[in-house]
Amino acid sequence: MARSEDRNLSRRQVLEGSVAAGLLAALGNGVLAKGAFAQTAAASDILSASHWGVFKATTDGTRIVKIAAHEKDPYPSRCLPGVIDVMYSPTRIKYPMVRAGYLKDGYKSDRTKRGAEEFVRVSWDQAIDIVAKEIDRVLTTHGGQAVFAGSYGWKSPGKLHNCRSLLQRYLNQLGKGFVSHSGDYSTGASQIIMPHVVGKLEVYEQQTAWPVVVSDTNTLVFWGADPFNTNQIGWLIPEHGAYEGMKAYKDTGKKVIVIDPVRTETVDYFNAQWVPIRPQTDSAVMLGMAHTLYTEKLHDEKFLKDYCTGFDQFLPYLLGEKDKTPKTAEWASAISEVPADLIKELARSFAKNRTMLASGWSIQRQHHGEQAHWMLVTLACMLGQIGLPGGGFGLSYHYSSGGTPETACPALSGITDGSKAGAQPWLSEAGSASIPLARVVDMLENPGKTIDFNGKKITYPDVKLSYWVGGNPFAHHQDRNRMVKAWQKLDTFIVHDFQWTPTARMADIVLPVTTSYERDDIEQLGDYSLRGIVAMKKIVPPMFEAKSDYDIFRLLAKAAGKEKEFTEGKNTDLDWVKTFYDDAAKLGKEKKVTMPSFDEFWKSGYLDFPATEEGKKFVRYGDFRADPVFSALGTPSGKIEIYSKNIEKMAYDDCPPHPTWMEPLEWLGGATAKTYPLHVVTKHPRYRLHSQLCGTILRKEYAVKERAPLLINPKDAEARGIKDGDIVRLFNDRGQILAGAVVTDKVRANCVVCEEGNWYDPADPAKPGSICKFGDPNVLTPDIGTSKLAQGNCGHTVIAQVEKYAGEAPALTVFVEPKMKA
Ligand code: PGD
Ligand code: PGD
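Predicted, not measured: the structure shown is a model, and the values here were computed from it.

Asker: What exactly am I supposed to notice about the overall build of the protein here?
Answerer: Each helix and strand counted, the protein has 30 helices and 30 strands in total. Taking 822 residues into account, the globule formula puts the C-alpha radius of gyration at 28 Å, and the protein, at 26 Å, falls close to it. Counting across all 822 residues of the protein, residues that qualify as buried make up 64%. Summarising the internal contacts of the protein: among those between residues at least 6 apart in sequence, 76% fall at separations of at least 24. Total accessible area on the protein stands at roughly 28,700 Å², and carbon and sulfur atoms take up 52% of it.

Asker: Honestly, the site of ligand 2 in this entry has me stumped. Any pointers?
Answerer: In the vicinity of ligand 2, 35 residues are found, and the nearest of them are Asp-260, Asp-282, Arg-365, Gln-366 and His-690. Here an oxygen atom of ligand 2 and a backbone polar atom of Trp-361 are 3.0 Å apart. The protein chains hide 100% of the 900 Å² of surface that ligand 2 would expose on its own. Tallied by class, the residues present in the shell around ligand 2 amount to 14 nonpolar, 14 polar and seven charged.

Asker: Looking at this model, I keep getting lost on the pattern of salt bridges. Mind explaining?
Answerer: Close approach of charged atoms allows side chains with opposite charge to pair. Applying the stated criterion across every chain yields a total of 53 salt bridges. The partner of Asp-110 in a salt bridge is Lys-113, with the nearest N and O atoms 3.7 Å apart. Take Asp-110: its relative accessible area is 38%, and that puts it in the partly exposed class. Close ionic contact of Asp-716 with Arg-720 constitutes a salt bridge, the shortest N to O distance being 3.9 Å. Overlapping salt bridges, with partners in common, bring together Arg-439, Asp-442, Glu-445, Lys-449, Arg-482 and Asp-783 in one network.

Asker: How should I be thinking about the side chain of Lys-159 in this particular structure?
Answerer: Along the polypeptide, Lys-159 turns up in the loop between β6 (147–148) and α6 (163–174). If we skip the residues at most four places from it in the chain, Lys-159 touches Leu-236, Leu-412, Ser-413, Gly-414, Ile-415, Asp-521, Ile-522, Glu-523, Gln-524 and Phe-580.

Asker: Which parts of the structure should I look at to understand the site of ligand 1?
Answerer: Taken together, 32 residues form the shell around ligand 1, and within it Trp-154, Ser-156, His-476, Asp-497 and Ser-691 come nearest. Within the contact set of ligand 1, an oxygen atom lies 2.9 Å away from a side-chain nitrogen or oxygen of Arg-365. Here an oxygen atom of ligand 1 sits 2.8 Å away from a polar atom, N or O, in the main chain of Asn-472. In the complex, 99% of the free accessible area of ligand 1, which totals 920 Å², lies under the protein chains. Tallied by class, residues from the shell around ligand 1 come to seven nonpolar, 19 polar and six charged.

Asker: What is the right way to look at the pairing of strand β26 (residues 727–732) in this model?
Answerer: Sheet faces and side chains relate simply in a regular strand, where the side chains alternate between the two faces. Judged by how many residues are buried, β26 sits mostly within the fold: six of six residues are covered. Burial along β26 is two-sided: the face carrying Ile-727, Arg-729 and Phe-731 and the face carrying Val-728, Leu-730 and Asn-732 are both buried. Counting the residues between successive antiparallel strands, the hairpin from β26 to strand β27 (residues 735–743) contains two residues.

Asker: What's the story with the sheet that holds strand β19 (residues 509–512) in this structure? I'm lost.
Answerer: The pairing of strands in a sheet comes from backbone hydrogen bonds and takes either a parallel or an antiparallel form. Spatially, seven strands are ordered β6-β17-β18-β19-β4-β5-β30 in an open sheet, and the strand pairing comes out mixed. The outermost strands of the open sheet, each flanked by one partner alone, are β6 and β30 (820–821). Two elements, strand β18 (residues 492–497) and β19, share four bridges in a ladder whose sense is parallel. Directly across from His-496, in β19, lies its bridge partner Leu-511. Running at roughly 145° to strand β17 (residues 465–469), helix α23 (residues 549–559) makes contact with β17, β18 and β19 of the sheet.

Asker: Please explain the packing of helix α12 (residues 282–295) against helix α16 (residues 340–352) as it appears in this structure.
Answerer: The relative placement of two packed helices comes down to the angle between their axes together with the axis-to-axis distance. Running from N to C, α12 and α16 cross one another at 65°; their axes reach a closest spacing of 9 Å. Crossing angle aside, the handedness with which α12 passes α16 is right-handed. Two secondary-structure elements touch here, α12 through Val-285, Gly-288, Met-289, Thr-292 and Leu-293 and α16 through Ile-343, Lys-344, Leu-346, Ala-347, Phe-350 and Ala-351.

Asker: Can you walk me through the pairing of strand β20 (residues 521–525) in this structure?
Answerer: For β20, a buried count of five out of five residues is recorded, marking the element as mostly surrounded by other parts of the structure. One ladder, built from five bridges, connects β20 with strand β21 (residues 532–536); its direction is antiparallel. Bridging across to β21, Asp-521 finds its partner in Met-536. Once β20 ends, the chain turns through six residues before running back antiparallel as β21, passing Gly-526 with a positive phi of about 90°.

Asker: Please clarify how unusual backbone geometry should be interpreted in this entry.
Answerer: A negative phi holds for most residues other than glycine; trans holds for most peptide bonds. Although it is not a glycine, His-690 adopts a positive phi angle of roughly 55°. Examined against the element boundaries, His-690 turns out to sit in the loop between β24 (678–681) and β25 (709–712).

Asker: So what exactly am I meant to see when it comes to the sheet that holds strand β1 (residues 46–50) here?
Answerer: With antiparallel pairing, three strands are arranged side by side in an open sheet as β1-β2-β3. In the strand order of this sheet, the two ends are held by β1 and β3 (64–69), each with one partner. Pairs of neighbouring strands in the sheet enclose a mean axial angle of 35°, with direction left out of account. Two elements, strand β2 (residues 53–59) and β3, share five bridges in a ladder whose sense is antiparallel. Counted as the bridge partner of Phe-55 is Ala-69 from β3. Set on the sheet, helix α3 (residues 80–88) makes contact with β1, β2 and β3; between it and β3 the angle comes to about 155°.

Asker: Even after reading the chapter, I still don't get the nonpolar core, so can you show me in this structure?
Answerer: Within soluble globular proteins, side chains that are nonpolar generally end up buried alongside one another. The biggest cluster of nonpolar side chains holds 210 residues, and the ones touching the most others in it are Trp-223, Phe-393, Tyr-467, Trp-487 and Ile-640. For this core, the element with the highest residue contribution is helix α17 (residues 370–383), accounting for 10 residues. When neighbours within four sequence positions are excluded, Phe-393 is seen to be in contact with Val-198, Glu-202, Met-356, Leu-357, Leu-376, Val-377, Ala-380, Ile-386 and Tyr-621. Membership of the second largest hydrophobic core comes to 21 residues, among which are Phe-228, Met-246, Val-267 and Ala-358.

Thresholds applied
- Residues numbered from 1 in each chain as written.
- Chains lettered and ligands numbered in written order.
- Predicted model: local features only at pLDDT ≥ 70, side-chain atom pairs only at ≥ 80, totals over all residues.
- Heavy atoms only, no water.
- Helix = DSSP H or I, 4+ residues; strand = E, 2+ residues; numbered from the N terminus.
- Rg over C-alpha atoms; globule rule 2.2 N^0.38 Å.
- Buried < 20%, exposed > 50% of the residue type's maximum accessible area, 1.4 Å probe, protein only.
- Contact = heavy atoms within 4.5 Å.
- Areas by Shrake-Rupley, 256 points an atom, 1.4 Å probe, with all protein chains shown as cover.
- Near = heavy atom within 4 Å.
- Polar contact = N/O pair within 3.5 Å; in protein donor to acceptor, adjacent residues only side chain to side chain.
- Nonpolar A, V, L, I, M, F, W, Y, C, P; charged D, E, K, R; others polar.
- Salt bridge = Lys/Arg side-chain N within 4 Å of Asp/Glu carboxyl O.
- Pairing = 2+ DSSP bridges.
- Axes fitted to C-alpha atoms, helices over the stretch in contact; angles between N-to-C directions.
- Left-handed = near helix turned anticlockwise from the far one by under 90°.
- Core = buried A, V, L, I, M, F, W, Y, C linked by side-chain atoms within 4.5 Å.

Nothing here speaks to function; it is all geometry.
Pasting the structure below:
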C-alpha cells in the first residue's frame, strides 16, 4: 500500500537525517514490543527520565549521541527519539526574545501583531528587567486579579523544576495574588461530577490491580479508551506496568471489547471485538443496555438497594414514563448506529460474566460529558459487580498505567508554590480569583461576567497579563480563531519554553528554558504503583542561553528583593533534590522501609521496590462492598448516587440530577450534520504527548506531505475524490485546516481522525480565520463548557466537512524559528 511505502521512505529519511538518526538507530524499530529496544547503555552513561520513561544517555561531552531505554522498562515508548531531539531540533528556543513592537512600546504596543511580528534578541539582564517591571506595573496598577498565572499544561516531571509551582511561588512572594484555575483539560467534566456520584475524583485513583483483572475478569471492555497508546506516558515517570498487565490478560485469551469509532491499536493488540460507535452517543448506548438489564430482570436489585441511592428516581426516565420515550436498545441504536441486537447481547453478556467497564476520558471531553461517566457508573451499579474482584468500572486503566500494583515506596516531597498553610490563601487574602480552566478565553473576552460552576457563581476578573510556563494553550484550547482575537485583549503575554511552540510565537516575551536533560532533578517512578524513585540527571550543560525556570524565577524574585525567600537559602539544584529525597527517607523510616543514603541513590539513580501483596490484590471499592457503613463513600448519602439531590438543587438546564441522554451542540445525528457530515475525532497522538515533540524528527513517522495526518474511511474518501496521500482541507464555520489524507478502514464512516496537539500554523498570523497549514484540530472545535456544572472543555465535540485541496499548498512555517530582527 502507498501508505506503508511512505512510512518506509520517511523512516529512511529520518535515519539519514540528523544527530537524532543515531538515537533512532540505538532505539531500534519495534515500538512497544517487549525487548525490542537495543539495551546498549554503557556503565558511564547518564541516567535520566521523562514523561515517556527512564533512559540512559551517552554523550560526547556536550551533546547526546545515543540513548537507550532503561533495562527495567520492558515496554519503552516509541516517542523516546523525539524526547532528545527537542534539544537539537530547529525549533529550539536559543535566547531571550521580545516581540519587536513590544520592545519599542511595551504594553501599549499593537497587540494585533502578536504571532506575526519579528522577535528581537535581548540579553538576560534586559529580559529580567522588562518582565520584573511589567509584573510590578500590572500588580500595582490593577492588582492580583489582573495577572493570570493558571498556566496549565504538561510541563516536564521533576520535583524541583515544577515550573507552574515556581511561577506561583514567585508571585506569592510578591504578595499581591494572581488568578489561578481549577480543573484540567483531561477530565474537566468527570472530576466534577464524580464527587457527586461516588464522593471522589475517581479519575486519578488506583484501579483494581491488573493481577486481579487477569485472574477474575472475564470480559474486559475498553469504552472510549486506547490504553495501548495512552499508557506510553505518565504524569510522573512511567514504569509501563499496564503493558505487563495487558500482556498477561491477552495471554489468557479472555474476551476484550473496544467501543470506539476508531479501530485502535488496542483493538488490534487484543484482537478485540470492535464496536464502531457513532461518537458522542455513549450515554445513549449505556441507557439502552440499562433498559435491557431492567426489562429482562438481569439487574442486581440488592446492590442497587444496599449500595446506591436514587435508582427509583432514575427508573421513570429509563422507562420513558414522563417523556414517553423508553430508552430501549432500539432507541439507543437509532442514536448510536450500534445495532440494537448487539446492545442487548452485550448487556446480557456483561450481566452473565465478571465484567470490567474500563473507560477512557474522551467520552467526557464532550458537550454534556458529565453524563457519560455518570451513566457508566449507573450501568455498573445495575450489574452489581462493583467491589468484586475483576468487576465494576475503572476510569484510569488507560492512564499512567493505572492498575499496576502498588509498592511501599515512600512519596517524595517537592518544591511548593510558597503559599502559606499550603492552601490557596491568595484567593481570599489578596482578593484574587480562580476560574474553571477551560473558560480562560471566555474570561478574557468578558471581564465582570458571572457564570455558573458546580453550584457556585464565578465572576471573571479583568486580566491584563498572562504568564505561561509548561503549557501550550495555542494547541490545547478550543476554537483557535476566537482565542487569537481574545488574546489581543492582553497587555502582555509572557512564555517560557524550550520549543518555539505556537504559544511561544504568540508571546510578547519569550524566555528560553532548559529541558530536563540540562538540569538535575528527581521524580517518582509509577504514578499509581509508586514503584520507585528516579534521578533525572543533567546529561549535558544548558544549550545556547537556556536557564531553568527555577533560575529565571529566582532572578525575578531577586529583582523584587525576595531571592532569599525564594531559594530558602539553598544554593544548588542538588541541595533541593537531596531535601526531597531525605524527606522520603524519613517517611520510609516510619513505614519501616529502608532506603540508601542520598549519595548512594544518586550514584545509581534508580531505586525500585517490589509490589506488596496487598497491592497485587487490590480491588477498587472492595472495602465499600465489604462494609458500606464503615467504608461509606464521601457522597451526602454515603452511597453511590444515581440521583443527586445536590445537583437537583442547582437546577441546571444542562445537567439534570440523574444520568440523561442530551444531544450535544453538534453531532452526526444533529441538524448541522447535513452541512458538516463528518465527526472529527481528536484523539491523543501516537508519537507525541499532546503537542510535545511536534517540532522533532518524530514528525517523519506520521506526517503526510509534511502535514498532520487525517484518517478517513475509504467510503468518505471515494465520495469526495480523495486519495491516500492527498492534501485535504477540513473546515466548518469556525475555521479551516490543511492535513494529509490517510485512507483507511481503521476509522468508521462519517468520522475522520485528526490528532490533538498538531501545531497551529496560520497562513497569515495577523488574520484570525486564515487557514492552518499543518492541521491543528482546535481551529475547528467549539469553545463551550460541558455544562454549567463542570464547565469542562469539549475538544471531542466537533463536526466538519473535507475536500481535496485544490491549490498549491502553502509552505509550513511553524517548524523553523520565527522571523527575527537583527
Ligand atoms: P503540551 O503539548 O503537553 O500540552 O495541553 P498541554 O498544554 O499540556 O504542552 C506542554 C508544554 O510545556 C510544551 O510546549 C513543552 O515544551 C513545555 N514544557 C515542558 N517542560 C517544560 C519546562 O520544564 N518548563 C517550561 N517552561 N516548559 C516546559 C494538553 C491538553 O490538551 C490536555 S492535558 C488535554 S487532555 C486536552 N486534550 C484534547 C483533546 O483530546 N482534544 C482536543 N481537541 N483538544 C485537547 N486539548 C487538551
Ligand atoms: P483519547 O485519545 O482522547 O484519550 O486519554 P483519553 O482516553 O481521553 O480517547 C481515547 C479513545 O476514545 C480514542 O481511541 C478515541 O478514538 C475514542 N473516542 C473519541 N470520541 C469517542 C466517543 O464519542 N465515544 C467513544 N466510545 N470513543 C471515543 C487521554 C490521556 O492520555 C490524557 S488526558 C493525557 S493528558 C495523556 N495524553 C497522551 C498523549 O497525548 N499521547 C499519548 N501517546 N498518550 C497519552 N496519554 C494520556
